[in-house]
Amino acid sequence: FQGTTHADLGLVVQGGLYNTLIRALQQFDLSDAFGVSRLSILVLNVTYPLVPAELTNFCKGKTAVLLLEEGQPEYIEQELALMLRRLDLQTPVHGKDMLPSGGEYTAEVMADGLLKFLDKHRPSAIPESSRNWLQSNVQRRKQVQAMLGAPIPARPPSMCVGCPERPVFSALKLAQETVGPVHVSGDIGCHALATFEPFSVGHSILGYGMSLASRAGVSPLMKRRVLSVMGDGGFWHNGLLTGVQSALFNGDDAVLLIFKNGYTSATGTQDIINTPSEADKDASPDKRQSLAHTSKVIEATLEGLGVKWLRTVHTYEVAHMQATLTEAFTTDFQGLKVIVAEGECQLERQRRIKPWLAQLKASGQRALRVKYGVDEDVCNGDHACIRLSGCPTLTLKDNPDPLKVDPVATVIDGCVGCGLCGENAHAATLCPSFYRAEIVQNPKLTERLFGRLQQAITRFLQPA
Ligand code: SF4
Ligand code: SF4
């Protein structure tokens, strides 16, 4: 993009960082939200191989260029410096001298780098308000640190609350107790978060949609069948051809689990071929329901290609998923076995559910929310449920019993009522501590009367 007022100053940015760069430029009033920038920008949507002519032409005649490259070593910066040197172009190139060598390039981090760049080459382009904004952030951070006293514990990355993919890893953990440990070939997507605690599942990740193809290299060395995990985004992107087609052609004895959540979720939920249609979403009377089952295009494609062993399992049915995984690992069937784990992305569902419930509530209609909880008098504080679930809203609190020291499990606000913790308690025969609560807003008259009757009976049965 050619800059509008400072075209002689250039910014070279990796494609994935472009939106954040625009946000950072907005802090200097150097761009609008639609990307009309006062500085020239070259966006590298492909970072390897680089096209020398494209980069050198962009740098030619510029007063200076800032390269925004996340990660280190600074491969692009080194290559760019070499390209310019070969052509004897003297355009100053900045990069890691003005930006951090590691860590995430947030809008604030980029703004800090832009400030250094502009200070050196165009101080007149910096509004005083931008300097103040950056300085006030530093001050605010110091104030918050002083208020907290000690740093808050770091929270490892995890799947969203109520994610339909989490139950599958609970089921896999349980299945391995009978089958034994299996090699898991992971993939790019939200499910890659299962490599963290409490699942620690995924021995290798090669690339988007590559889990089944890359498994071919390790399968012959393994005692048990290898499990390849793939999202539906990865399946359509690459896995169908490099993985499924190759495994069928070669007659591989492989197990593939496809997360059919309906979207390319990890990048913000973009639609794909098997995304539930808008008509199905509008027609659904209960917006809480997963609509992943409304598209059968993955199953039809697999059958059309010749997959003979195919199972579709709703992800929240932990015991069913555990049994299906066990069957896939132990069956006499030789050849590709595919499990389609069906459950719509919770992020998308919540985007639908929240406005729907708010609208029901506002218009005086009955609105039902489901939440799960733990009976603190029954919980023995062994935390097996937490090790099996990893849900961020299933956490700990002090034990109300003064004679017990172990904290008990508790469900905090934010629970979306997916039911996984209850399912796990059932599938792994953990404990009877979990309960399911239905919160009814704008209840019907009969519900009010029934509720009062329940309360009266409970009071009567309670010890004085
Ligand atoms: S975006 Fe969707 S699939 Fe990804 S972690 Fe969140 S709920 Fe799960
Ligand atoms: S039902 Fe359990 S697993 Fe699901 S969101 Fe609530 S606490 Fe988390």
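For the structure, check the block above.
Residues numbered from 1 in each chain as written. Chains lettered and ligands numbered in written order. Predicted model: local features only at pLDDT ≥ 70, side-chain atom pairs only at ≥ 80, totals over all residues. Heavy atoms only, no water.

Trainee: Give a detailed account of the pattern of salt bridges, specifying residues and quantitative values.
Mentor: Under the criterion given, the structure shown has 19 salt bridges. Residues Arg131 and Asp119 are paired through a salt bridge, measuring 2.8 Å at the closest nitrogen-oxygen approach. With Arg131 in helix H5 (residues 128-148) and Asp119 in helix H4 (residues 107-121), this residue pair connects regions lying 12 residues apart in the sequence. On the basis of relative accessibility, which here comes to 22%, the residue Arg131 falls in the partly exposed class. Across the salt bridge formed by Arg366 and Glu447, the nearest N and O atoms sit 2.5 Å from each other. Of the two residues, Arg366 sits in the loop between helix H12 (346-362) and strand E13 (367-374) while Glu447 sits in helix H15 (residues 445-461), which places them 81 residues apart along the sequence. Here Glu447 falls in the partly exposed class, since its relative accessible area comes to 26%. The network of salt bridges with shared partners includes Lys260, Lys296, Glu299 and Glu342. (Salt bridge = Lys/Arg side-chain N within 4 Å of Asp/Glu carboxyl O. Helix = DSSP H or I, 4+ residues; strand = E, 2+ residues; numbered from the N terminus. Buried < 20%, exposed > 50% of the residue type's maximum accessible area, 1.4 Å probe, protein only.)

Trainee: I'd love a proper account of the sheet that holds strand E2 (residues 39-44), names of residues and values included.
Mentor: Note on sheets: strands pair through backbone hydrogen bonds, and any given pair is parallel or antiparallel. Across the sheet, four strands lie side by side as E2-E1-E3-E4; this open sheet has parallel pairing. Two strands bound the open sheet, and with one partner strand each, they are E2 and strand E4 (93-94). Summarising the sheet, strand E3 (residues 64-68) and E4 pair through two bridges and their orientation is parallel. Paired with Val65 across the two strands is Val93, which belongs to E4. (Pairing = 2+ DSSP bridges.)

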